[in-house]
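Spelled out from the first residue to the last, the chains are:
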Amino acid sequence: MRTNMGKLGSLLVVAAFLSGAAAQTFQRLGACPDLGCVLPPDQSDFLPGQYFDLRLEVHAPVNGSEAFNNGVPDENFSVVITKEGDTPKSIAEFFDIPEPEIEKWDFKWYEDLFAQDADTPSVVNVASKIYRKIAIYEPGNYVVTMSYYGGQITTANWVVRPLATQKKAKNVILFIGDGMTTNMITAARLLGHKSINGKYQSLLQMDQFPVLGHQMTHSIDSFITDSANSASALYTGHKSTVNAMGVYVDSSADYFDDPKVETIVELLKRTWGSAWGAVSTAAISDATPIALSGHSRSRYAYGSLVDQGLNSVTNYSWTSHGGPDVWFGGGAEQFNSGSGSYEGKDYYEAFASAGYEISLNKSSLLKLGNSSKALGIFCQSHFPVWLDRNVFTENLATFENDPLGSENPALDLPGLKEMTLKAIDILHTRGGDKGFFLMSEGASIDKQMHALDYDRALGDLLELDDTIRASIAHLKDIGELDSTLILVTADHGHGFDVFGGVDTKYLSEQKTDREKRRAVGTYELSGLSQYTVPVDGVSYSTGPNFPVNWDPRYTLAQGFGANPDHRENYRVHKAPRKVVSSTPGFDKDDFFVDAEDSPDGFIVNGTLSVTESAGVHSLTDVPVFAMGPCQETFGGVYGNIDIFYKMANCLGLARPDNRSPVDPGDGCATEH
């Protein structure tokens, strides 16, 4: 039992992690509008046989508008679960497990911005139980009913999806363009593909997929999501709170005791023993790649999440994913011994001791064999973007990102294509007849959109599409194309679009901001794309499907719906962009236009708080492209969690009981 009722001051919970109640900006606890909380909450879906934890909480606010029961939580709460048409049973009876002990703690939260300004938090005392590693095997509708405080009730309606136990796809490759929207895809096509009289002469590889759908990206307690819980929704079929992955966020102070849900790679390893891997141009500990194996309310617990990536969850009994067969990306800070790694350990050594071949540059990556597990960490932090690795290569020398931790630059860097093709070869060999799952992420589409560095973002989108094109060709060469479900989607979007063309020469030579804006042409004055028009003396040797001139006179008028104050000249930035800076005499988080950014441009007033230094995510639905087995199930509009269930059904991951399947079977999945 954990008791810390008196330590109120030490448990001030950051509002970004806790979101629920009648409040809006801040919430007492996500998905818990009442004083009784059931996690997983109302409207949760489950794959038959998918492991999860069940957390119950009773809240007793001490002060504020919700103050109740003199701040004493009801420790005698009860809970039952009822399958539609059956009689109610206690949780312990239904799952045939012992009743857990009561836990107690407290937390603080602000009811609104006025309370935050006045620094008057509300204190909440909590009584809780958690049932760990349970599963429901029979499809249907279930109701969990929690009773407390002598008559108050919280209900959670759960749906256990239909059984699909036979494999239709041997392999799945999930390409994620982080933050990628249809508008960005359209802009990237305009940059990289020539059109004549309005007709494109070539297309993106994504354009040629046979099935297109759209997914809604909301998180569980806000309609704008982040990359952690949105990736988690794709991988688990369960929504969560901003910054969380593989868990429902509870109100305790511990980042690693929240109720977990099993991820697709944990299910895949447990069910079929398949190989799995992740490739990213971000740090491998970044939200999208690490959420495949991570279970924490905080995406920023990088070192601990890397340890989970190697060793699985170790603080509670849970599924072992066996460690990735392939892990390629950046983020050397979590692998070199020191403050950035878990417990200061050398994780290069830890992976080597676990049988991994280690690669730290492109040259060694290409020499890796295909039979051993492989770890490739090629730089500190995130990769320099495609535009700097291939066009403005002089920028690489300015980075201090050596994967061994020195201040030297990492110059021998692979691209997303090289990493993905090598990952396919290793997973194909190691998975054998059991198949594989690979997630490949173009990470800096999102990161450069945040920075309002549109050309760098679109360059990484074109790199992702080039990787998809090469992967399809490679799968065909090795005889795996017809047995592989290939998906391309995003985790969320940004409010980006192109709205015209710009004469950058005219803009630069005007004297006032109002005169400069005349250089922006709309409708018939937009003109045509100049990025595919060859110019004498300009050659990047980047091949087809990329611009032949990144710095034409006539460029795209492009921008954000949610941005800080900044200056625009609509030209490619030959060094990574920084749009705002702090100003002497003002708070360090009070940002102003950076005087060195686009000095010949005009000021665009921001639409965000002055404490925001970058663009932010938006509400937009994002596309889902599908080809291969089960492709027909990905058309239409659906929630992000449905991508998990569609993949799981195609892989035959649902289970009617806790016994391991004998064989994957052939043909269509059988509905039971």
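Remember, predicted model here, so these are calculated numbers, not experimental data. Throughout, a residue's number is its position along its own chain's written sequence, starting from 1. Note on the predicted model: pLDDT of at least 70 is required for a residue's local features to be given, and 80 or more for side-chain atom pairs to be given and counted; whole-chain, interface and lining totals, by contrast, use all residues. To get the side-chain values, all heavy atoms of the structure are used, and hydrogens and water are removed first.

Q: For this particular structure, what's the right way to read the packing of helix 3 (residues 182-192) against helix 13 (residues 454-477)?
A: For the pair helix 3 and helix 13, the least separation of the axes is 9 Å and the interaxial angle reads 85°. Relative to helix 13, helix 3 is oriented roughly perpendicular. Contact residues: Met184, Ile185, Ala187, Ala188, Leu191 and Gly192 in helix 3; Asp455, Leu458, Leu461 and Leu462 in helix 13. Residue composition of the contact of helix 3 with helix 13, grouped by class: eight nonpolar, one polar and one charged. To define axes, lines are fitted to C-alpha atoms, for helices over the stretch in contact only, and angles between the resulting N-to-C directions are given on a 0 to 180 degree scale. The secondary structure listing takes helices from DSSP runs of H or I that are at least 4 residues long and strands from runs of E that are at least 2 residues long, numbered from the N terminus. Comment on the angle field: the value is read as roughly parallel under 35 degrees, roughly antiparallel over 145, roughly perpendicular from 65 to 115, and oblique elsewhere. The contact definition used throughout considers only heavy atoms, calling two residues in contact when any of these lie within 4.5 Å. Residues are grouped as follows: Ala, Val, Leu, Ile, Met, Phe, Trp, Tyr, Cys and Pro are nonpolar; Asp, Glu, Lys and Arg are charged; all remaining types, including Gly, are polar.

Q: Looking at this structure, how should I read the pattern of salt bridges?
A: Two side chains of opposite charge can pair, provided their charged atoms sit close to one another. Salt bridge, as used here: a side-chain nitrogen of Lys or Arg that lies within 4 Å of a carboxyl oxygen of Asp or Glu. In total, this model carries 36 salt bridges according to the counting rule given. Taking the shortest distance from any N to any O, the salt bridge between Glu480 and Lys170 comes out at 2.8 Å. Of this pair, Glu480 sits in the loop between helix 13 and strand 19 (484-489) while Lys170 sits in the loop between strand 9 (152-160) and strand 10 (171-177), and the two are 310 residues apart along the sequence. Burial classes: relative accessible area under 20% of the type maximum marks a residue as buried, over 50% as exposed, and values in between as partly exposed (1.4 Å probe, protein chains only). Glu480 gets classed as buried once you look at its relative accessible area, which sits at 5%. Taking the shortest distance from any N to any O, the salt bridge between Asp286 and Lys447 comes out at 2.8 Å.

Q: When you look at unusual backbone geometry in this model, what are you seeing that I'm missing?
A: A negative phi holds for most residues other than glycine; trans holds for most peptide bonds. The amide bond that connects Leu39 to the next residue, Pro40, takes the cis arrangement and shows omega of 10°. Following the sequence through the fold, Pro40 ends up in the loop between strand 1 (36-39) and strand 2 (44-46). Although it is not a glycine, Ser381 adopts a positive phi angle of roughly 55°. With respect to the secondary-structure elements, Ser381 resides in the loop between strand 17 (374-377) and helix 10 (386-390).

Q: What should I look at first to understand helix 5 (residues 264-272) in this one?
A: The periodicity of an α-helix, 3.6 residues per turn, causes residues three or four places apart in sequence to face the same way. Most of helix 5 is tucked away: seven of the nine residues are buried. The secondary structure elements touched by the buried residues of helix 5 are helix 4 (227-236), strand 14 (275-283), strand 18 (436-442) and helix 16 (640-651).

Q: Quick question: what am I supposed to make of the confidence of the model for the chain here?
A: Detailed reading of the predicted model is not advised wherever pLDDT is low. Scored between 0 and 100, pLDDT is the confidence that the predictor attaches to each residue. Overall, the prediction assigns the chain a mean pLDDT of 94, with 95% of residues at 70 or greater. Note that pLDDT drops below 50 for residues 1-23; the model gives that stretch 77 contacts with residues more than four away or on any other chain. This model gives residues 666-672 a pLDDT under 50, and the stretch forms 19 contacts once residues within four places in sequence are excluded.

Q: Which parts of the structure should I look at to understand the nonpolar core?
A: Within soluble globular proteins, side chains that are nonpolar tend to cluster in buried spots. In this text, buried Ala, Val, Leu, Ile, Met, Phe, Trp, Tyr and Cys residues form a nonpolar core when linked through side-chain atoms within 4.5 Å. By size, the foremost hydrophobic cluster in this structure holds 66 residues, and its most contacted members are Met180 and Phe328. Of the residues forming this core, the biggest block, nine residues, is contributed by helix 13. Leave out the neighbours within four places in its chain, and Met180 touches Ile185, Met206, Ile445, Leu461, Leu464, Val488, Thr489, Ala490, His492, Val622 and Pro623. In terms of nonpolar packing, the next biggest core, distinct from the first, is built from 56 residues, Ala169, Ala332, Ile641 and Cys650 among them.

Q: I would appreciate a short explanation of the state of the cysteines in the present structure.
A: Each disulfide is one covalent bond, formed between the sulfur atoms of two cysteines. For this text, the term disulfide refers to a pair of cysteine sulfurs within 2.5 Å. Enumeration according to the criterion identifies two disulfides in this entry. A disulfide bridge connects Cys32 with Cys37, and the sulfur atoms are separated by 1.9 Å. On the sign convention where negative is left-handed, the bridge of Cys32 and Cys37, at about -70° about the S-S bond, is left-handed. The same class applies to Cys32 as to Cys37, namely buried.

Q: Please clarify how the pairing of strand 7 (residues 122-134) should be interpreted in this entry.
A: Burial runs high along strand 7: eleven of the 13 residues are buried. The sheet contact formed by strand 3 (residues 52-61) and strand 7 spans nine bridges and is antiparallel. Of the residues in strand 7, the one forming a bridge with Val58 is Ala127. Only strands that DSSP links by at least two bridges are regarded as paired with each other. Pairing of strand 6 (residues 103-109) with strand 7 involves seven bridges; the strand directions are antiparallel. Bridge pairing links Trp105 to Val126 in strand 7.

Q: Explain the sheet that holds strand 3 here, please?
A: Strand pairs in the sheet, formed through backbone hydrogen bonds, run parallel or antiparallel to each other. With antiparallel pairing, the four strands of this open sheet are ordered in space as 1-3-7-6. Either end of the sheet is taken by a strand with one partner, and the two such strands are strand 1 and strand 6. Looking at each pair of strands side by side, their axes are set apart by 25° on average, direction ignored.

Q: Mind showing me how you'd approach the sheet that holds strand 23 (residues 554-560) here?
A: Taken in spatial order, the three strands make up an open sheet running 22-21-23, and their pairing is antiparallel. Edge positions in the open sheet fall to strand 22 (520-521) and strand 23, since each of these has one partner strand only. Inspection of the sheet shows strand 21 (residues 496-503) paired to strand 23 by seven bridges, in the antiparallel sense. Within strand 23, the residue paired with Gly501 across the bridge is Leu556.

Q: How should I be thinking about the side chain of Asp597 in this particular structure?
A: Among the secondary structure elements, Asp597 is positioned in the loop between strand 26 (591-593) and strand 27 (602-604). We classify Asp597 as buried; its relative accessible area is 5%. What qualifies as a polar contact is a pair of N or O atoms within 3.5 Å, subject to a donor-acceptor requirement within protein and to the restriction that residues adjacent in sequence count only when both atoms come from side chains. Polar contacts involving the side chain of Asp597 include one to the side chain of Arg577, which spans 3.0 Å. If near-sequence neighbours (up to four positions away) are discounted, Asp597 is found in contact with Arg567, His573, Arg577, Lys578 and Val579.

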